[in-house]
Amino acid sequence: MIDALVQAEAAVAACFEAASWAASEHDLVAALDATHRLEQRLAAVKLSLVRELDGRGTATAQGASSTAVWLRDRLRLGVGAARRLVELAAALDTAPGAVRDALAGGAVDVEQVRVIADTVQTVHSAAGAETADKAVGVLVDWAARFDASLLRRLGTRILDHVAPEAAEAALRAQESRAARDRHVTVSEQPDGRLRLAGILDTEAAALLRAAIDPLTAPTGPDDTRTPGQRRHDAVADVCRLALRAGDLPANGGDVAQVVVTTSYDGLTRQLGTGALDVGPHLTPDAVRRLACDAGILPAVLGSAGQVLDVGRQRRLVTGPLRRALVLRDRGCAFPGCDRPPRWCDAHHIRHWADGGPTCLANSVLLCGHHHRHVHHGDWVVRLGGDGHPQFVPPAWLDPEQVPRRNEYHRRI
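If you're wondering where the values come from, they're calculated on a predicted model, not measured in any experiment.

What counts and how
Each chain has its residues counted from 1, following the order in which its sequence is written. With pLDDT at 70 or above as the cut-off, local features in this predicted model cover only qualifying residues; side-chain atom pairs require 80 or more to be listed or tallied, and sums for whole chains, interfaces and linings still use all residues. To obtain the side-chain values, all non-hydrogen atoms of the structure were included, while hydrogens and water were left out. Under the scheme applied here, a residue whose accessible area is under 20% of the maximum for its type counts as buried, over 50% as exposed, and between as partly exposed, the area being computed with a 1.4 Å probe on protein chains only. Only DSSP runs of H or I with at least four residues qualify as helices, and only runs of E with at least two residues qualify as strands; both kinds are numbered from the N terminus onward. In this scheme, strands are said to pair when DSSP sees at least two bridges between them. As used here, the term nonpolar core means buried Ala, Val, Leu, Ile, Met, Phe, Trp, Tyr and Cys residues forming a set that is joined through side-chain atoms within 4.5 Å. Contacts are assigned to residue pairs with any non-hydrogen atoms lying within 4.5 Å of each other. Axis angles are defined between N-to-C directions and span 0 to 180 degrees, where every axis is a line fitted to C-alpha atoms and, for a helix, only to the segment in contact. Angle categories: roughly parallel below 35 degrees, roughly antiparallel above 145, roughly perpendicular from 65 to 115, and oblique for all the rest. A clockwise turn of the near helix away from the far one marks a right-handed crossing, whereas an anticlockwise turn of less than a right angle marks a left-handed crossing. Each residue is assigned to one class: nonpolar for Ala, Val, Leu, Ile, Met, Phe, Trp, Tyr, Cys and Pro, charged for Asp, Glu, Lys and Arg, and polar for all the others, Gly among them.

Caption draft 1: The arrangement of the pairing of strand E8 (residues 344-348) in detail. The buried fraction of E8 is high, at 5 of 5 residues. Across the two faces of E8 the burial is the same, with Cys 344, Ala 346 and His 348 and Asp 345 and His 347 all buried. Two elements, E8 and strand E9 (residues 363-367), share 5 bridges in a ladder whose sense is antiparallel. Bridging across to E9, Ala 346 finds its partner in Leu 365.

Here's what the structure looks like:
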């Protein structure tokens, strides 16, 4: 075996040194296909070697705690990748011969083998060995046309093809497991943040995706958030919408709301932090942003602690005023943003705490992301001569500071 591998290694090295630029397009495509087949065949050899070494206990004999740890050091792999290699080697060892032959022949790749092995095991448990053998043939055939991700999705409905009579029972069992395993864990961090973890059942997952997917796309060329940050902000936007709708159950006798406590002087001078009623503190910028709108009621105290005002409704842009604002801005007014009105806060152009009035001329609709962006950035918001919002970019972005508008919502 070692002699054959040495020869193969030399042949591959010669291919790497060959001038690919001199080959025709047809030969390049053929070489790519051949390289992919060779890669899968080498993967099959590698898995068989890992399985044999694991079975012999080579890793522990050489002082490692496990084969995965030994592979991590030997092949310079991440421990996760090394562990998956050992698991896949074991799965391939017990997989039907057709699957091993397909990998050895370069017809499938290792990720497809993983999907096929998982699916066949599920089918075997639900419908028996004979049906599982039928599933192997179908899956190997599909693997020639579909990648591992799509193959896994198709595999969830494999019983419809090979054992329709068992499909409904398997689906009911799957739904039962999903209902049993559903959970969400909320862990409070020392700094007031929350860590979310859990598993949603199929229905809840569909609802969550339907709610946040439209909000996870970048809002424009200035949106530098990572996908994870956009998903975070989408969840926050959904919560804001639920709070604004006013349909949540009462909590301790009050409608669902967020209460921020701060000193009046600190709020007006942009210096004071705020305390949420659940304990954590907020920065002055966050307090002023939350004080804009979204049905979040500030509890403002005087220097001696007396209550000066709890949720002055004249601060909030509600009722006819909000309808007029929606009619004018038609969504987030920040340039390039397509967020609809229901996802937007009413931002005071001149802040309410600075004496800014709650009126149409002092308000602009902003989505959650651009609301934060305006509060923390150097953009200047104003109304143009026609009464529609303009945004003056900071000098570092546009030395000419030419005012910009959102063209997305403009009427034709």
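Still more to cover.
Caption draft 2: Structural view of the nonpolar core. Grouped together as the largest cluster of nonpolar side chains are 33 residues, with contacts concentrated most on Leu 47, Leu 71, Leu 103, Val 113, Ile 116, Leu 139 and Leu 151. For this core, the secondary structure elements donating two or more residues are helix H2 (25-56), helix H4 (67-75), helix H5 (79-94), helix H6 (97-104), helix H7 (110-127), helix H8 (129-143) and helix H9 (148-155). Apart from residues lying up to four places away in sequence, Leu 47 is in contact with Leu 85, Leu 88, Ala 89, Leu 92, Leu 103 and Val 110. The next biggest cluster of nonpolar side chains, apart from the first, holds 15 residues, and it includes Cys 337, Leu 365, Leu 366 and Cys 367.

Caption draft 3: Local environment of the packing of H8 against H9. Running from N to C, H8 and H9 point in directions that differ by 150°, and their axes come no closer than 10 Å. By the angle class used here, H8 and H9 are roughly antiparallel. H9 is crossed by H8, and the crossing has right-handed handedness. Contacts between H8 and H9 involve Leu 139, Trp 142 and Ala 143 from the first element and Leu 151, Leu 154 and Gly 155 from the second. Per-class residue counts for the contact of H8 with H9 are 5 nonpolar, 1 polar and no charged.

Caption draft 4: Quick peek at the environment of Pro 227. On the secondary structure map, Pro 227 appears in helix H13 (residues 227-245). The spacing of Pro 227 and Ala 217 is 10 residues in sequence and 8.3 Å in space, taken between C-alpha atoms.

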